[in-house]
Amino acid sequence: MTSVRRVSAEQAISRVRSGDVVMVGGFGLVGAPLTLIDALVETSDARDLTIVSNNVGEAGRGLGLLLRQGRIRKAIASYFTSNPEAVAAVNAGQLDYQLLPQGTFAEAIRAAGAGLGGFYTPVGAGTLLAEGKEERLIDGVPHLLERPLRADVALVHAARADELGNLWYRGTARNFNPLMAAAAGLTIAEAGEIVPVGGIEPEAVATPHLYVDLLVGAKRL
Amino acid sequence: MSGDPRTRIAARAALELEPGDVVNLGIGIPNLIPGILAPDAGVVIHTENGLLGVGPRPAQDAVDPDLVDAAKLPVTALPGAAYFDSADSFAMIRGGHVDVAVLGALQVSAAGDIANWAVPGRDVLGVGGAMDLVVGARRVIVTMTATTGAGEPKVVPECTYPLTARGAADVVVTELSVFRLREGRLVLVELLGGATLDDVARATSAAYEVELG
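Peer 1: Now, about the overall build of chain A: what can you tell me, with residues and values included?
Peer 2: Tallying secondary structure elements over chain A gives six helices and 12 strands in all. Computed over C-alpha atoms, the radius of gyration of chain A comes to 17 Å, within 12% of the 17 Å expected from 2.2 N^0.38 for 221 residues, which places it in the range of a compact globule. Counting only C-alpha atoms, chain A reaches 50 × 40 × 30 Å along its principal axes. Residue pairs in contact within chain A that sit at least 24 positions apart in sequence constitute 71% of those at least 6 positions apart. One finds the centroid of the 20 positive side-chain charges in chain A at a distance of 2 Å from the centroid of its 23 negative side-chain charges.

Peer 1: Requested: an account of helix α2 (residues 86-94) of chain B, with residues and values cited.
Peer 2: Here α2(B) has its buried residues at Ser86(B), Ala87(B), Ser89(B), Phe90(B) and Ile93(B). End-on view of α2(B): buried residues confined to an arc of 160°, all on one side of the axis. In the core, the buried residues of α2(B) are packed alongside α5 (102-113) and α6 (177-181) of chain A together with β1 (22-25), β2 (44-47) and α3 (130-136) of chain B. With a side-chain oxygen lying 2.9 Å from the backbone nitrogen of Ala87(B), the N-terminal cap of α2(B) falls on Asp85(B). Just downstream of α2(B), Gly96(B) is the residue with a positive phi angle, here 80°.

Peer 1: Report on the side chain of Lys133(A), specifying residues and quantitative values.
Peer 2: All names here are of chain A. Relative to the elements of secondary structure, Lys133 occurs in the loop between β6 (119-121) and β7 (135-138). A polar side-chain atom of Lys133 sits 3.3 Å from the main-chain carbonyl oxygen of Leu129. Those residues in contact with Lys133 that sit more than four places away from it in its chain are Leu100, Leu144, Leu145 and Glu146.

Peer 1: Give me the environment of Pro65(B): which residues, what numbers.
Peer 2: You can see Pro65(B) is positioned in the loop between β3 (51-55) and β4 (76-83). Through-space distance from the C-alpha of Pro65(B) to that of Ala38(B) is 27 Å; in sequence the pair is 27 residues apart.

What counts as what
Residues numbered from 1 in each chain as written. Chains lettered and ligands numbered in written order. Predicted model: local features only at pLDDT ≥ 70, side-chain atom pairs only at ≥ 80, totals over all residues. Heavy atoms only, no water. Helix = DSSP H or I, 4+ residues; strand = E, 2+ residues; numbered from the N terminus. Rg over C-alpha atoms; globule rule 2.2 N^0.38 Å. Contact = heavy atoms within 4.5 Å. Lys, Arg positive; Asp, Glu negative; His and termini not counted. Charge placed at Lys NZ, Arg CZ, Asp CG, Glu CD. Buried < 20%, exposed > 50% of the residue type's maximum accessible area, 1.4 Å probe, protein only. Arc of directions from axis to C-beta. Polar contact = N/O pair within 3.5 Å; in protein donor to acceptor, adjacent residues only side chain to side chain.

What follows is the structure in structure tokens.
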């Protein structure tokens, strides 16, 4: 077994290229990889990014900082409303967007990580969010075809990692992080604490190490 | 029932919950229910950001930044609680494992259609988990004031706002009354807070039947 590559936040973020699709974990700021987001804001020039994250941060916090820099071309999310500046950017035509029901958003990321071409869900059928989507009756109930959501890079936060890159999450900070860790070409995890192998019980590993490419120490637990 | 209309609505909605129910609470009026439920009510609260077994709000000095509900407000976890990721959480919801969703709405139609996520011409770009919840939960209880701030009825013949889902509502609780959807019929079953049949008629533009208790 080889240890996961440990790098600084700046080194890890240098792998993000202009035009990339970047997944960012967190429900609001809870479980958001704030150390990596800070590095993306402060040390990277990557532009025209497509951000896949449940919220686009908050005004001036988390991904909200990247939005203020005008580096997000498109955002795919379930709830832009947490950041009034994101709503304003959409209405001003400065930010392209795709809005998905939260369960569809989560499952589309899971599907990508699981190698599936999509799935049918009854959620959203007959609503504005069904526009442009294939609808199909399954057992008499209208379902929508939803496509997988993949990324070039995923940024995730875990409370604890071991030196192999196994991840353990705390409380409701888990949310989208394990799904995103599986759905990107390059997964960068930040962890509040990095422990020797064996420091996380195998049963408590929520993201097995094979999903994690680069590991960064986080500035907070 | 006393107090402000929102608390009265939440208190009446809480009476719909049965011991053993797994319940998801929306933002706003539904989130008043934990403060109203008796501790021995036997209701298990699910929050879609990944926790089954939500406990009371913590004291200010006991707030855990990794522990919030869907409104992003601090909560606690009860003994026996479980954490899970967002895909599992919505699998529970869509899969019919959450018994009850209590949520607010902008409009409910006579057929039980719900509109609760967008107002035309208004800067709202968030759907969150609302569509998943109304489709997946086995019972859907809508809690809302009977009319808008401008006095427009919210129980309407057809929703004019963007739909969340068709035919999803089972119960509608306002400060004036309780409606039930029975096989596609909208039925007024209870008057609340001293409201009269005339009060409900004035605040409701949908057609409904009356079958008081």
